[in-house]
Amino acid sequence: MLGLEYFTFEAKWSPIFLAFMLLVTAGYFLITGPLSYRLKDSEPVSAGRKTLFVLGMLTMYMAQGGPIDLLGHTMFSFHMVSMAMSYLMATPLLILGIPVWLWRYIDRKNPLKKLGFLARPVVAAVVFNGLFSFYHIPVIHDFVMLNFWVHRLYYILLFITSIMMWWAIIQPIPEKDKTSGLMKMGYIFLNMVLLTPACGLIIFSSEPMYATYSDPNTWAKAMGYCVPGDPSKLLAQFGGPSFFGYLEPGIDQRVGGIIMKFFQEIIFASMLAYVFFHWYKRENKEDDPLPTDLPASNLNQV
């Protein structure tokens, strides 16, 4: 299906990355379980929070190490699915999956506190969306895809900045959540707007922009980083990305832009509704209600 049958288990499932993700998950369960007594103010972690963390790790693995990652090297639409899963889905799940007491411990030990200004809402939004948009400039995208360590470092940077971007919305440490509901709603709108130009450029381009998905030689070299073996053999065997694409490159590119914008709109719209509901509920609670314990004579005078 979609050409996956032509690739080995190693190419489709990235065992080394899978082992790394399993080690991180095991570490999480040790820290929140048997070793939690070593950390100040630790408390039992609910099954729901643990489930969120596992879902976040699973989503990140599927996007960056599973078949979706491989398909993201053959079709631009799957590349955008991978981007959305990694930075719009996995990141908030992981933040919510880590208990508050562990976040407090991390915050106390944080050696990068001097860079805390990067986590300010507007700065975080501009940095993450700016890096994401910069990455999808055609010449930059192809360069990153063709240079293994640049590719890895850029994706790590995107992950870190996505945490900062989501941090301002979720803020897992209650006593540090100083942002009002209205400001959070404005911040969510800002994120929705900042990504629009890049998606618009991709969607409305009249021709394919990325050599990685349209030029056979560039594609083969980029595939060499996720598929073991000689890239020239891939080229000889398949001829190029068109062998796998069920869509013409230009259409595939537009679909990718639409997918990214769709994911972003759905996720941020849901978060906007959540923030609005809780802000409205809190504002109503702050209104002074009519006392219900007054004598009837006093109520008649009110």
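Nothing here was measured: the structure is a model prediction, and the numbers come from that model.

A.B. asks: Help me understand the nonpolar core, please; the structure alone is not making it clear to me.
C.D. replies: Soluble globular proteins tend to bury their nonpolar side chains together. Judged by nonpolar contacts, the single largest core of 61 residues is most densely connected at W166 and M260. A total of 10 residues in this core trace back to one element, the largest contributor, which is helix α9 (residues 148-170). When near neighbours in sequence (up to four residues on either side) are disregarded, W166 contacts Y87, L88, T91, P92, I95, Q171, I267, F268 and M271. Ranked by size, the runner-up nonpolar core spans 15 residues in total, among them F7, L71, M75 and F238.

A.B. asks: Is there a simple way to explain a nonpolar patch on the surface in this structure?
C.D. replies: A grouping of L30, L35 and Y37 is seen on the molecular surface, where their side chains present a nonpolar patch of about 310 Å² in accessible area. Of note, Y37 is situated in the loop between α2 (15-31) and α3 (47-64).

A.B. asks: Can you walk me through helix α10 (residues 181-194) in this structure?
C.D. replies: Each α-helix turn comprises 3.6 residues. Residues three or four places apart therefore point the same way. Between its terminal C-alpha atoms α10 stretches 20 Å, which fits the 20 Å expected from 14 residues at 1.5 Å a residue. Where α10 is concerned, the buried positions are G181, K184, M185, Y187, I188, N191 and M192. Considered in projection along α10, the buried side chains sweep an arc of 160 degrees and stay on one side of the axis. Among the exposed residues of α10, those oriented more than 90 degrees off its buried face are L182, M183 and V193.

A.B. asks: Help me understand the packing of helix α7 (residues 121-135) against α10 in this model?
C.D. replies: Describing two packed helices takes the angle between their axes plus the distance from one axis to the other. The interhelical angle for the contact between α7 and α10, taken along N-to-C directions, is 20 degrees, at an axis separation of 10 Å. When the axis of α7 is compared with that of α10, the two are roughly parallel. Like other packed secondary-structure pairs, α7 and α10 cross with a definite hand, here right-handed. For the pair α7 and α10, the contacting residues are P121, V122, A124, A125, V126, N129 and S133 in the first and Y187, L190, N191 and L194 in the second. Taken together, the residues that form the contact of α7 with α10 break down as eight nonpolar, three polar and no charged.

A.B. asks: Would you explain the environment of Y225 in this entry?
C.D. replies: Among the secondary structure elements, Y225 is positioned in the loop between α12 (216-223) and α13 (231-238). Not counting the four nearest positions on each side in its chain, Y225 is found in contact with M145, L146, N147 and F148.

Definitions and cut-offs
Residues numbered from 1 in each chain as written. Predicted model: local features only at pLDDT ≥ 70, side-chain atom pairs only at ≥ 80, totals over all residues. Heavy atoms only, no water. Core = buried A, V, L, I, M, F, W, Y, C linked by side-chain atoms within 4.5 Å. Buried < 20%, exposed > 50% of the residue type's maximum accessible area, 1.4 Å probe, protein only. Helix = DSSP H or I, 4+ residues; strand = E, 2+ residues; numbered from the N terminus. Contact = heavy atoms within 4.5 Å. Patch = residues over 30% accessible without salt bridge, like charges linked within 9 Å, V, L, I, M, F, W, Y side chains within 5 Å. Areas by Shrake-Rupley, 256 points an atom, 1.4 Å probe, with all protein chains shown as cover. Salt bridge = Lys/Arg side-chain N within 4 Å of Asp/Glu carboxyl O. Expected span 1.5 Å × (residues − 1). Arc of directions from axis to C-beta. Axes fitted to C-alpha atoms, helices over the stretch in contact; angles between N-to-C directions. Parallel < 35°, antiparallel > 145°, perpendicular 65-115°, else oblique. Left-handed = near helix turned anticlockwise from the far one by under 90°. Nonpolar A, V, L, I, M, F, W, Y, C, P; charged D, E, K, R; others polar.

These figures come from the coordinates and say nothing about function on their own.
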